[in-house]
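Secondary and tertiary structure notes
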Amino acid sequence: MYLSILIFPLLGSFVSGFLGRKIGVTGAHLITCTCLIISSLLATLAFYEVGLCGSPVLIHLSSWIDSEILSIQWEFLFDQLTVSMFIPVLYISSLIHIFSTNYMAEDPHNQRFFSYLSLFTFFMLVLVSGANYFVMFVGWEGIGVVSYLLINFWFTRIQANKAAILAFTMNRVGDMGLSIGFFALVALFGSLNYSTLFSLAPFMNSSAIDIIGLLLLSGAMAKSAQIPLHSWLPGSMEGPTPVSALIHAATLVTAGLYLLVRSSPILEYSSTSLLVITLVGASTAFFAATCGLVQNDLKRIIAFSTISQLGYMVMAVGLSQYNVALMHVVNHAFFKALLFLGAGAVIHSFSDQQDVRRLGGLINFLPFTYTAMLVGTLSLLATPWLTGFYSKDLIIELAFAQYSFEGTFAFILGSLTAGLTAFYSFRLISLVFLTKPNGPKTSYLHSHEASLAVIIPLFILALFSIFFGYVFSDLFVGIGSDFFGNSIFIHPNHIAMVEAEFSMDRIIKLFPSILSLLGALLAVYLYHFTPHLFFMESSITRKIYTFLNGKYLFDVLYNHFFIGRGLQLGYFISKVLDRGVIEFIGPYGLSNTLNNTGNNISKLDTGVITTYSLYITLGLLSLVFLVFSPILLDTSVLNEIRLLIIYLATLFLLVSPYNNNDTSIYSFYLTNYKRISFYFTI
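Residues numbered from 1 in each chain as written. Predicted model: local features only at pLDDT ≥ 70, side-chain atom pairs only at ≥ 80, totals over all residues. Heavy atoms only, no water.

**A word on the pairing of strand S2 (residues 71-78)**
In terms of residue burial, S2 counts as a mostly covered element, since 6 of its 8 residues are buried. Across 8 bridges, strand S1 (residues 57-66) lies against S2 in antiparallel orientation. The residue bridging Leu 58 from the neighbouring strand is Leu 77, located in S2. Between S1 and S2, which pair antiparallel one after the other, the connecting turn spans 4 residues. (Buried < 20%, exposed > 50% of the residue type's maximum accessible area, 1.4 Å probe, protein only. Helix = DSSP H or I, 4+ residues; strand = E, 2+ residues; numbered from the N terminus. Pairing = 2+ DSSP bridges.)

Here you go:
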């Protein structure tokens, strides 16, 4: 049953991809959606057996690498952490498949699209269920490749090409660090199995653990879009909206978080790594929220919201609250998928318009979509008793409960981010649904609610966004809950849940919620009632707007200092080193030298007797020098060489055949003497 969860999406992908012409568009829809729904049902059963009944499963398939010091197996581990990740990945993937049957109905390449979606889901399942880092890395690289294919699905668009290449190359940077981390694990532990590594971690050199923790973080930073490896995610909105919902809500961006949570027994013994993780997460959350304030593309606003929420998750990992981080991963997956699919429904019904300044007044045309997006927005804001509240506010409280520099830093930035999140979220709601219509009349006349294939996924995700946190919060993050068992390790010195729940001032607990409420009210007031305030002519306002709209000018820095200098370095290496010095010393230089040497030696054979007598004289002088060299140069090595050469010359003279009828003995010795002299000369 457990392997079937992985096999069904792969089967659907193969059938849709390789037999697409046979089964047709409807067949591809039917087969891939059915395979995903069956996998989701099996994952629910696995969640019951493994999670609720507490019986993890390890499946050994075969040996992969079996050398003297390293043994790596094809193994899959289904523990509480794995089945908890299965729920959002498979549920949301199934709903996105159903949503896409309507959204991509007009596209001529449906079979390819559904094949990619199912293949992406399969690799994500391999990533979260691998029993060692190598099997996990197979899934890790797989989702990287398929995300490139999905972002670049409309491959005739230049922007889609650029976005896909940027996503792929920026993830290469993180994968390089992650690969070095795996090499370090093999060097230090001699294994990549989770059980071996996590058992030995407490006894290892702390500096080595610090380095490994930071290398694992580098991989997670690229995949989960943390500063400074974040700039690929907003650009990847060039793909179809279901791709944005799948990749940037439930799956690819959570892979980095899964890596950190799975590596908790290693990170817990590296205080340096935890400090860096906390600072990176808090900084990313605040940075992305400030950038989201001034974006005008509907999907990019939600993308920056995703980066901001990922910052919260990474911050929770840095505070050693792995169960809370995972809870936020699952909660965020549901309400962010709801927001993306709602945005897709708006774009699809409004002539593919994504600029929020050209929308407005859609509450009367798309009432159900408005309701669904409002539910997702309120859950994103951590409105009390909705899904997001049970993890996002808890992360901020736990940050304050650390009573340390990094905890206070995370609390302040996390609280400010909560207010900014509320502002740009309700800015989106106001500009798209509440304000006066700003689009062309024809778009409004053709605007209508989509079919059941769109409404059902939105409705189910809205239910999850309302109730999931309430139902599962005590299981995941409740005090005394042992749901995760041995799949997550939190050092006893780092447990702060009791402190956060019972010993904090009420004003501290309410601070993020108050800021969220103020941000939401301010956005509605400014954009709905007094939009003219934003036409203030002020140079400082314009500069701040440009700076935030330019995403802190990270792209400019990358292009100027990294990409530009890298291209210059590549040109220098290609022209000067590769085709210059190396070619001159290597193949071209060697062949040229041999040709010239051969030509010069061939010129010695002139056919003039006086020249040959000169060679004989030079050879005789060389032989005399060798014989008398011990007197001139007192060295034992030369002495040995001299004796060896005399011996070989004598042997050569004695054994060489000659015929008295043809030549005299004198001419024979003269000829051989010339030969020996010639060899000495060379």
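Back to the write-up after that little detour.
**Thoughts on the pattern of salt bridges**
Considering all chains together, one arrives at 7 salt bridges under this definition. Asp 79 serves as the salt-bridge partner of Arg 262, at 2.8 Å between the closest nitrogen and oxygen. In this pair, Arg 262 sits in helix H11 (residues 252-262) while Asp 79 sits in the loop between S2 and helix H3 (80-103), placing the two residues 183 residues apart along the sequence. Residue Arg 262 is classed as buried on the basis of its relative accessible area, which comes to 2%. Classification of Asp 79 as buried rests on a relative accessible area of 6%. Glu 238 is paired through a salt bridge with Arg 300; the nearest N and O atoms lie 3.7 Å apart. Here the residue Glu 238 occupies a position in the loop between helix H9 (232-235) and helix H10 (241-250), and Arg 300 occupies one in helix H14 (residues 298-318), the gap between them amounting to 62 residues. (Salt bridge = Lys/Arg side-chain N within 4 Å of Asp/Glu carboxyl O.)

**Quick notes on helix H4 (residues 110-129)**
In this model H4 runs 29 Å from its N-terminal to its C-terminal C-alpha over 20 residues, within 8% of the 28 Å that 1.5 Å per residue would give. Among the 20 residues of H4, 19 are classified as buried, and the element is accordingly described as predominantly covered. (Expected span 1.5 Å × (residues − 1).)

**Concerning the confidence of the model for the chain**
Per-residue pLDDT for the chain has a mean of 85; in total, 92% of the residues score no lower than 70. Segment residues 658-666 is flagged for pLDDT under 50; beyond a separation of four residues in sequence, or across chains, it makes 3 contacts in the model. Segment residues 678-682 is flagged for pLDDT under 50; beyond a separation of four residues in sequence, or across chains, it makes 8 contacts in the model. (pLDDT = per-residue confidence, 0-100. Contact = heavy atoms within 4.5 Å.)

**Some points on the environment of Tyr 390**
Along the polypeptide, Tyr 390 turns up in helix H17 (residues 389-400). With 59 residues separating them in the primary sequence, Tyr 390 and Asn 331 have C-alpha atoms 8.6 Å apart. Setting aside chain neighbours within four positions, we find Tyr 390 in contact with Met 327, Trp 385, Gly 469, Tyr 470, Ser 473 and Val 477.

**Focus on the side chain of His 230**
Mapping His 230 onto the fold places it in the loop between helix H8 (206-223) and H9. Setting aside residues no more than four positions away along its own chain, His 230 makes contact with Met 170, Ala 225, Phe 287, Ile 307 and Phe 554.

**Notes on the packing of helix H15 (residues 322-349) against helix H16 (residues 367-380)**
Contact pair H15 / H16: the axes reach a minimum separation of 9 Å and the direction vectors enclose 150°. Classified by the angle between their axes, H15 and H16 sit roughly antiparallel to one another. The chirality of how H15 crosses H16 is left-handed. On H16, the residues that touch Phe 335, Lys 336, Leu 338, Leu 339, Gly 342, Ala 343, Ala 345 and Val 346 of H15 are Thr 369, Ala 372, Met 373, Val 375, Gly 376, Thr 377, Ser 379 and Leu 380. Classifying every residue of the contact of H15 with H16 by side-chain character gives 10 nonpolar, 5 polar and 1 charged. (Axes fitted to C-alpha atoms, helices over the stretch in contact; angles between N-to-C directions. Parallel < 35°, antiparallel > 145°, perpendicular 65-115°, else oblique. Left-handed = near helix turned anticlockwise from the far one by under 90°. Nonpolar A, V, L, I, M, F, W, Y, C, P; charged D, E, K, R; others polar.)

**Notes on the packing of aromatic side chains**
A full pass over the atoms with the stated rule returns 44 aromatic pairs. With centroids separated by 6.1 Å and ring planes inclined at 65°, the aromatic side chains of Phe 423 and Tyr 527 adopt a geometry described as edge-to-face. With Phe 423 in helix H18 (residues 405-434) and Tyr 527 in helix H22 (residues 506-529), the pair connects residues that are 104 residues apart, well separated along the chain. Here Phe 423 matches Tyr 527 in class, with each residue buried. Taken together, the ring pairs connect Phe 47, Tyr 91, Phe 334, Phe 464, Phe 468, Phe 472, Phe 476, Phe 483 and Phe 484 into an aromatic cluster. Geometry around Phe 168 places Arg 172 over its ring, the cationic atom sitting 4.5 Å from the centre. (Phe/Tyr/Trp six-rings, centres within 6.5 Å; stacked < 30°, edge-to-face > 60°. Lys NZ or Arg CZ within 6 Å of the ring centre and 35° of its normal.)

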